[in-house]
Amino acid sequence: MGDYDLVDVEVTHEDNDELFDSLSRSDSDEHLQTLQAVRLQAGQPDSELRSLKQLDEDSVKMLEHQVDAAYRALFEMDGKALLADEVGLGKTIEVGMILKEMHFRDTDDSVLILTPAQLAKQWQAELLEKFGLEFVCNYDDEFDGFGAHDYIIASIDTAKSERHRMTVLNRNWDVLVLDEAHYVKNEETDRYDLIDQISYDYAFFLTATPIQNELTDLYNIVSLLRPGLFGTRDVFYHYFVDSNQETLVNREELQERLNKVMIRNRRAETDIDFTDRTIDTRTFQPTPEERELYEAVSDYVKGAYSEDQGQKLVLMLLQKEVVSSPAALKQTIEKQLHEQSELTHTDELESILELIDRIDTVTKQERLLDIVEEARENVEMGRVIVFTQFRATQRELLDRLATEGYTVHSFHGGHSSEEKEQIVTNFEEEGGVLVSTDAMNEGRNLQFCNIMVNYDLPWNPMKVEQRIGRIHRIGQKREVYIFNMALEDTIEEYVLERLYHKIDLFQQTVGQLSSILTRLEDTGSSFEDEIFERLANADSEIDLENDFDAMAVDLEEQRELAEKLEEFNSGVFQGFDLGESDD
Amino acid sequence: MTDAALSVTQSTIEQFTEEYLHTLGCDINKQAGRWSVIVPEEAETDIATGKLTLVCSTDPDEVGDEEALHPESSFFHALLEEASERSPTGRVSITAADTEIILPSWLVQSEVSLKKTEFTPYYDRTALVALFRLGIETVSEYQTELLHAIAVDTRSDEILPELSDTLLSRTLIGQETVQCERTQVDPDSAKQLVKHVRETVVEDIQPRIDEVHEAASRSADAEIEEYRRLQQQRIEELEEARTSLVNRIDDLSVSIEESDGQEQRAEALKKRKELKSELEEVESELGSLRKRREQGFPEKQREIRERHALEVVATPVTLTEVQYEQGEVDFTLTNQTVTRTITVGYGSGVGVTETIECDRCGTALSEENPVSWVDGEVRCENCSSP
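Residues numbered from 1 in each chain as written. Chains lettered and ligands numbered in written order. Predicted model: local features only at pLDDT ≥ 70, side-chain atom pairs only at ≥ 80, totals over all residues. Heavy atoms only, no water.

1. Points about the interface of chain B and chain A
The accessible area lost on association of the parts is a frequent measure of interface size.
Phase 1 of the analysis: On the chain A side, the residues contacting the 68 residues of chain B number 46 residues.
Phase 2 of the analysis: Of all residues in chain B, Val8(B), Ser87(B) and Cys180(B) bury the most surface against chain A, accounting for 10% of the area lost on that side.
Phase 3 of the analysis: Linking chain B with chain A are three salt bridges.
Phase 4 of the analysis: As a salt-bridge pair, Arg86(B) and Glu30(A) come within 3.1 Å of each other at their nearest N and O atoms.
Phase 5 of the analysis: Summed over the shared surface of chain B and chain A, the number is 28 residue pairs in polar contact (both at pLDDT 80 or more).
Phase 6 of the analysis: Of all the elements in the fold, those that place two or more residues in the side of chain B that touches chain A are helix 1 (10-23), helix 3 (74-86), strand 6 (89-94), strand 7 (113-138), helix 6 (187-204), helix 7 (206-258), helix 9 (298-308) and strand 9 (310-334) of chain B.
Phase 7 of the analysis: Looking at the side of chain B that touches chain A, the element that brings in the most residues is strand 9 of chain B, giving eleven residues.
Phase 8 of the analysis: Bridge count for strand 1 (residues 9-13) of chain A against strand 9 of chain B is five bridges, and the pairing is parallel. In the sheet register, Glu10(A) faces strand 9 of chain B, and the bridge partner there is Glu311(B). (Contact = heavy atoms within 4.5 Å. Buried area = accessible area lost by both parts, 1.4 Å probe. Salt bridge = Lys/Arg side-chain N within 4 Å of Asp/Glu carboxyl O. Polar contact = N/O pair within 3.5 Å; in protein donor to acceptor, adjacent residues only side chain to side chain. Helix = DSSP H or I, 4+ residues; strand = E, 2+ residues; numbered from the N terminus. Pairing = 2+ DSSP bridges.)

Quick look at the structure:
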């Protein structure tokens, strides 16, 4: 009790005779509604996420912490929030819910989502598949600039480029979403400047690691969202950091202020529980014919690239196809020969075609049969998903598996949405093998299957993560088995053994990878390009090995840095009950 | 006792409105947030007649000349008002078949595995569940309105906290309807029961009362302090006025003594008299103010504190007679090798109705001292600690 005198309290009990009188003449059919009405009269108007019931539960499984975060960001933080959940808890889903709700309430006439370049398309697919929200991406053909569309997902660097910057800044956006918001931690960068100047009504910033180096990173990010919340930079620093010890002081007050703008869910506090994942990487000795083909294609790619770097995309394709299937390779080469009027390498390409024709046994195809047979014997309805990047490989596999008597299903980007739906239903009901290209998108609910085969490997690790995410997701109750197939001494084996295993790609928590990759992007490199450049430019086998080792070291460093950051942020926010204290 | 208020969301009020209109016999045709409602002539309601269009929106342009349906709309408030007065008393039955077995805290907190529960009803009992509207009012705070439920056994007068929870959760909006019947309890007995529990209801909201009480007391204190400051300011003003008057009177006295002209002197004398009377008034006010200051302005304090006093008003607003089953429940406990059964008095919707003591030490089982295994026997946790 404080040091003041208390005022009097008078308690009155009203008799309400009418109530007791009604007992003798009660016609009680409607008593239940009276109870409810009285309870509603006593209740406070409450906001709710009204769009949630419109969502398809098969497309998106919403978790309590996500719904709660979306609710708080919208209604308790007035639509300006820093979503800082730990990795893998579904920050994108939270933003999807927020945007869906804003759409439902008609408060989203213009929305700009800025992401790292590598994640833009993924955002676009997720928002469409899970929430039915259509966005145009700056990588789409129909993208006509920032003034031409109202719902845009773009890489932050495109938005800040000379060409687009003024258009972005000249509009007033209803909603701004900024993924990997730690990108704007430094107030002296163009990125920070762009976000600082963009005009918007609502903003949602996402990052698992709001603090990259020092506490002022947090100050910068939060100040973009809520200018003034922390006062001036100097005051903030002096008040919250003990500069002698480099430790936090006045934690409670920091928490209190952060609570007004930041939501951080921790993995340990949610009910997310992933089952185990077993990785079985199988490398096989190619036949002499396959080896000869591989060498010929690799030599050709190297030679052609050194002559003309403009052909990079098609050369990269050939290099990927040669380890996927001779059929895929054949199709591209024939197309090349057919389409190009001024071919400089006709002879080489034709001799590659001859080598392809000499191949009778496709080793990976044979070995795939071992895996699916094992599954047929041991797994419910023998369900296996086989992923390949190429339609030609897919066709070959389907033919071969059908010939061997397996029930097969084919999934690729050419199907309509209804057909895709039907294919997944058939696969669930009939079992057997689903051979899919990477068109199998986020929204598909495939956790009824727990075996996946990477028949070939994308050079973009995000794609590998997406494949895994199709079956190893919330709701998967069984242990998940992932088989990786590669031919010995090929680019695929290098990528698999020297890179993907180094960063523990196959054991990563979903979401963890993006923090590693966006760190790489920050240094200006693209993963696929790097792989190809190293391959094409290596003078010898040893050079190549060394190059890959060097890349692996880089990756490992980035992974360690990402992990350290995660740990650091957990440490800083430990003891902060950032999600609950206002309840 | 339970907080009985429901959150008022758009979906809840839509659901409630639809159910209420159906009860009135209305026909509803819903299309994209617009409800075309036909109210039958014989419907006993004052909220609408004939045809009516409800628009689920807060946007006046969208609503136009129709009725808006949202938590703040006047139509919804009128409907709520009518529904809340329609049938404040009724009777429902809660059987074991309708509810899950309520586990006692000494079992919930325990690490002992529960293998099976089995309830055997012996006879029916009745309880009265009252919803109390509790208003806490004071000038400095917004009025606090609470709604609390309390259940009391009609025969034993025992308060049954779990039963009010059970009734509230069984009668939520949108749930399968429980059957309501005519009440059997007579008004006098009901009155006695309500009298018996009403103090408890107020006691249970005591923390909230304390909170408002402290805030109101702080406001009163602040007001008194402000009054004190004003009075101090007034004292200072009066002191200044007094000094000035004294000076002016002194000056006049000098000029009277030194004055040669009769008329001038008379004028000064008159003026001095006026000033002296003014000085008396000032000194009198100053004296009285200083005295009051020394005493701490008791009257003003009393007046302010009275104005800030809290008024708590408790009013029973609904009475639900609840018939429940009384019997025994068997909790079969196991530790993989041994299985033991504890039989204990139990009421449907009420929970365990008797205290269980540890066979070894005689201590009552509780949340803090849950049941435990000791040498293959069911004991309390205290007995299992070395």
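The discussion continues.
2. Things to note about the packing of aromatic side chains
Residues and elements named next belong to chain A.
Phase 1 of the analysis: Evaluation of the coordinates by the stated rule reveals 13 aromatic pairs over all chains.
Phase 2 of the analysis: Their ring planes at 80 degrees and their centres at 4.9 Å tell us that Tyr-239 and Phe-240 sit as a pair that is edge-to-face.
Phase 3 of the analysis: For Tyr-239, a relative accessible area of 34% corresponds to the partly exposed category.
Phase 4 of the analysis: Taken together, Tyr-219, Phe-236, Tyr-239 and Phe-240 form an aromatic cluster joined through their ring pairs.
Phase 5 of the analysis: Above the plane of the ring of Trp-459 lies Lys-320, whose end atom (NZ or CZ) is 5.3 Å from the centre.
Phase 6 of the analysis: The ring of Tyr-406 has Arg-376 sitting right over it, with the charged end atom 4.0 Å from the ring centre. (Phe/Tyr/Trp six-rings, centres within 6.5 Å; stacked < 30°, edge-to-face > 60°. Buried < 20%, exposed > 50% of the residue type's maximum accessible area, 1.4 Å probe, protein only. Lys NZ or Arg CZ within 6 Å of the ring centre and 35° of its normal.)

3. Some thoughts on unusual backbone geometry
Residue and element names in this part refer to chain A.
Phase 1 of the analysis: A positive phi angle, close to 50 degrees, is found at Asn-16, a residue other than glycine.
Phase 2 of the analysis: Its place among the elements puts Asn-16 in the loop between strand 1 and helix 1 (17-24).
Phase 3 of the analysis: The backbone phi angle of Asp-489 is positive, close to 55 degrees, even though this residue is not glycine.
Phase 4 of the analysis: Along the chain, Asp-489 falls in the loop between strand 16 (480-487) and helix 20 (491-500).
Phase 5 of the analysis: Looking at Asp-489, the relative accessible area reads 42%, which means it is partly exposed.

4. So, the confidence of the model for chain A
Residues and elements named next belong to chain A.
Phase 1 of the analysis: This prediction gives chain A a mean pLDDT of 84; 89% of its residues lie at or above 70.
Phase 2 of the analysis: Model confidence for chain A, summarised as mean pLDDT per element, is weakest for helix 21 (residues 512-522) at 61 and strongest for helix 7 (residues 165-170) at 96.
Phase 3 of the analysis: Residue range residues 577-583 is modelled with pLDDT below 50. Its contacts to residues more than four positions away, or to other chains, number 15 contacts. (pLDDT = per-residue confidence, 0-100.)

5. Quick look at the side chain of Ser372(B)
All names here are of chain B.
Phase 1 of the analysis: By the element assignment, Ser-372 lies in strand 12 (residues 371-374).
Phase 2 of the analysis: A polar side-chain atom of Ser-372 sits 3.4 Å from a polar atom in the side chain of Ser-384.
Phase 3 of the analysis: If we ignore the near neighbours within four places in the chain, the residues touching Ser-372 are Val-112, Glu-377, Val-378, Arg-379, Cys-380, Glu-381 and Ser-384.

6. Brief notes about helix 9 (residues 215-225) of chain A
Phase 1 of the analysis: In terms of burial, helix 9 of chain A is largely enclosed, as eleven of its eleven residues are buried.
Phase 2 of the analysis: Those residues of helix 9 of chain A lying buried are Leu215(A), Thr216(A), Asp217(A), Leu218(A), Tyr219(A), Asn220(A), Ile221(A), Val222(A), Ser223(A), Leu224(A) and Leu225(A).

7. As for the pairing of strand 9 of chain B
Residue and element names in this part refer to chain B.
Phase 1 of the analysis: In terms of residue burial, strand 9 counts as a mostly covered element, since 21 of its 25 residues are buried.
Phase 2 of the analysis: In this structure, strand 6 lies alongside strand 9, joined through six bridges in parallel fashion. Looking at strand 9, one finds that Val-92 is bridged to Val-322.
Phase 3 of the analysis: Bridging between strand 7 and strand 9 involves 23 bridges; their strand directions are antiparallel. Within strand 9, the position partnered with Ser-113 by the bridge is Thr-334.
Phase 4 of the analysis: Bridge count between strand 9 and strand 10 (residues 339-347): nine bridges; the pairing is antiparallel.

8. Section: helix 8 (residues 262-295) of chain B
Side chains three or four residues apart in an α-helix point the same way, a direct result of the helix having 3.6 residues per turn.
Residue and element names in this part refer to chain B.
Phase 1 of the analysis: The terminal C-alpha atoms of helix 8 lie 49 Å apart, and with 34 residues this matches the ideal 50 Å at 1.5 Å per residue to within 8%.
Phase 2 of the analysis: Among all positions of helix 8, only Ala-268, Leu-275, Leu-279, Val-282, Leu-286 and Leu-289 are buried.
Phase 3 of the analysis: Elements that come into contact with the buried residues of helix 8 comprise helix 7.
Phase 4 of the analysis: Once helix 8 finishes, Gly-296 follows within two positions and takes phi at roughly 85 degrees, a positive value. (Expected span 1.5 Å × (residues − 1).)

9. Here's the deal with the environment of Thr337(B)
Residues and elements named next belong to chain B.
Phase 1 of the analysis: Within the element layout of this structure, Thr-337 appears in the loop between strand 9 and strand 10.
Phase 2 of the analysis: Exposure remark for Thr-337: the relative accessible area of 71% places this residue in the exposed category.
Phase 3 of the analysis: Between the C-alpha atoms of Thr-337 and Gly-376, which are 39 residues apart in sequence, the distance is 8.3 Å.

10. A look at the packing of helix 12 (residues 288-307) of chain A against helix 22 (residues 527-537) of chain A
Residue and element names in this part refer to chain A.
Phase 1 of the analysis: One way to put it is that helix 12 packs onto helix 22 with a least axis distance of 9 Å and a crossing angle of 95 degrees. Judged by the inter-axis angle, helix 12 sits roughly perpendicular to helix 22. Of the residues in helix 22, those touching helix 12 at Val-301, Lys-302 and Tyr-305 are Phe-532, Glu-533, Leu-535, Ala-536 and Asn-537.
Phase 2 of the analysis: Across the contact of helix 12 with helix 22, the residue classes break down as five nonpolar, one polar and two charged. (Axes fitted to C-alpha atoms, helices over the stretch in contact; angles between N-to-C directions. Parallel < 35°, antiparallel > 145°, perpendicular 65-115°, else oblique. Nonpolar A, V, L, I, M, F, W, Y, C, P; charged D, E, K, R; others polar.)

11. Comments concerning a nonpolar patch on the surface
Residue and element names in this part refer to chain B.
Phase 1 of the analysis: Taken together, the side chains of Leu-103, Val-108 and Leu-114 present a nonpolar region at the surface, about 220 Å² in accessible area.
Phase 2 of the analysis: By the element assignment, Leu-103 lies in the loop between strand 6 and helix 4 (105-108).
Phase 3 of the analysis: Judged by its relative accessible area of 35%, Leu-103 falls in the partly exposed class. (Patch = residues over 30% accessible without salt bridge, like charges linked within 9 Å, V, L, I, M, F, W, Y side chains within 5 Å. Areas by Shrake-Rupley, 256 points an atom, 1.4 Å probe, with all protein chains shown as cover.)

12. Side note on the pairing of strand 3 (residues 34-39) of chain B
Residues and elements named next belong to chain B.
Phase 1 of the analysis: Residues Trp-35, Val-37 and Val-39 line the buried face of strand 3, whereas the alternating positions Arg-34, Ser-36 and Ile-38 sit on a face that is not buried.
Phase 2 of the analysis: Two elements, strand 2 (residues 27-31) and strand 3, share five bridges in a ladder whose sense is antiparallel. In the strand pairing of strand 3, Ile-28 is matched with Val-37.
Phase 3 of the analysis: Joining the antiparallel neighbours strand 2 and strand 3 is a turn of two residues, in which Ala-32 adopts a positive phi near 40 degrees.
Phase 4 of the analysis: Strand direction decides the pairing type here: strand 3 and strand 4 (residues 50-55), joined by six bridges, are antiparallel. Within strand 4, the position partnered with Arg-34 by the bridge is Val-55.

13. Some remarks on the sheet that holds strand 6 (residues 172-178) of chain A
Residue and element names in this part refer to chain A.
Phase 1 of the analysis: Taken together, the seven strands give an open sheet; going across it, the order is 4-5-3-6-7-2-10, and neighbouring strands pair in parallel fashion. Edge positions in the sheet fall to strand 4 (136-137) and strand 10 (262-263), since each of these pairs with one other strand and no more.
Phase 2 of the analysis: Here strand 3 (residues 111-115) pairs with strand 5 (residues 151-155) via five bridges, running parallel. Directly across from Leu-114, in strand 5, lies its bridge partner Ala-154.
Phase 3 of the analysis: The sheet strands contacting helix 8 (residues 190-197) are strand 3, strand 6 and strand 7 (199-206), and the helix crosses strand 7 at an angle near 135 degrees.

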